[in-house]
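Chain residues, written in single-letter form:
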Amino acid sequence: MWRQLESAGVASNTVLALDFVHFGQSQHDAEALANQLSENYEMEVVEFERDGCWLVKGTTRPYGIEMTEEQHLGWVEFMADVANSYACVFSTWAIEAPALGANFHSEEIESAS
């Protein structure tokens, strides 16, 4: 994903907005995860009606952040690890660079061949 960000003009001083989703099967675990992440993000826990799972949605909005490639990778690793510690899964994330009019989604990442 970082290569796509760089191609669009994102640099380490570009202000970004992050949105992300975790999911889990226990409301208690989902709320505990959201509580921990609420120290740095706006968080919301909602029941995903179709599967009986709980979605933990987070965002940096209305604030932005700046990050380097290394910080982005560390953030992804942290999100996966912290989700796992609450029996949840780090599912997807999106990055918006408002000044560039660009949006990037983890679902659109092409694997390197």
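Thresholds, definitions, all that
- Residues numbered from 1 in each chain as written.
- Predicted model: local features only at pLDDT ≥ 70, side-chain atom pairs only at ≥ 80, totals over all residues.
- Heavy atoms only, no water.
- Phe/Tyr/Trp six-rings, centres within 6.5 Å; stacked < 30°, edge-to-face > 60°.
- Helix = DSSP H or I, 4+ residues; strand = E, 2+ residues; numbered from the N terminus.
- Buried < 20%, exposed > 50% of the residue type's maximum accessible area, 1.4 Å probe, protein only.
- Polar contact = N/O pair within 3.5 Å; in protein donor to acceptor, adjacent residues only side chain to side chain.
- Axes fitted to C-alpha atoms, helices over the stretch in contact; angles between N-to-C directions.
- Parallel < 35°, antiparallel > 145°, perpendicular 65-115°, else oblique.
- Left-handed = near helix turned anticlockwise from the far one by under 90°.
- Contact = heavy atoms within 4.5 Å.
- Nonpolar A, V, L, I, M, F, W, Y, C, P; charged D, E, K, R; others polar.
- Salt bridge = Lys/Arg side-chain N within 4 Å of Asp/Glu carboxyl O.

## Notes on the packing of aromatic side chains
Counted by the stated rule, this structure contains 5 aromatic pairs. Ring geometry for W75 against W93: centres 6.3 Å apart, planes inclined by 70°, an arrangement best described as edge-to-face. Here the residue W75 occupies a position in helix α3 (residues 69-85), and W93 occupies one in strand β4 (residues 88-97), the gap between them amounting to 18 residues. Take W75 and W93: they sit in the same class, and that class is buried. An angle of 15° between the planes, with centres 5.3 Å apart, marks the rings of F90 and W93 as stacked. Its relative accessible area of 13% is what places W93 among the buried residues. A connected cluster of aromatic rings, assembled from ring pairs, spans F20, Y41, W75, F90 and W93.

## Brief notes about the side chain of T59
Positionally, T59 belongs in strand β3 (residues 53-59). Its relative accessible area of 15% is what places T59 among the buried residues. Here L18 takes part through its backbone oxygen, which lies 3.2 Å from a polar atom of the side chain of T59. Polar side-chain contacts of T59 include one of 2.5 Å to the side chain of D19.

## Overview of the packing of helix α2 (residues 27-37) against α3
Between α2 and α3, the shortest axis-to-axis distance is 10 Å and the interhelical angle comes to 140°. Classified by the interaxial angle, the pair formed by α2 and α3 is oblique. Relative to α3, the crossing made by α2 is right-handed. Side by side, α2 and α3 meet where L33, Q36 and L37 of the first sit next to F78, M79, V82 and A83 of the second. Taken together, the residues of the contact of α2 with α3 sort by class into 6 nonpolar, 1 polar and no charged.

## Brief notes about the pattern of salt bridges
Evaluated as defined, the whole model comprises 4 salt bridges. The partner of E6 in a salt bridge is R3, with the nearest N and O atoms 3.3 Å apart. Separated by 3 residues within a single helix, E6 and R3 lie in helix α1 (residues 2-7), roughly one turn from each other. On the accessibility criterion, E6 (40% relative accessible area) is partly exposed. One salt bridge connects E69 with R3, and the closest N-O pair in it is separated by 3.0 Å. Highlighted residues: E69 in helix α3 and R3 in helix α1, separated in sequence by 66 residues. Overall, the relative accessible area of 51% leaves R3 in the exposed class. Ionic contacts of the salt-bridge type, sharing partners, join the residues R3, E6 and E69 into one network.

Shape descriptors only; they carry no functional weight alone.
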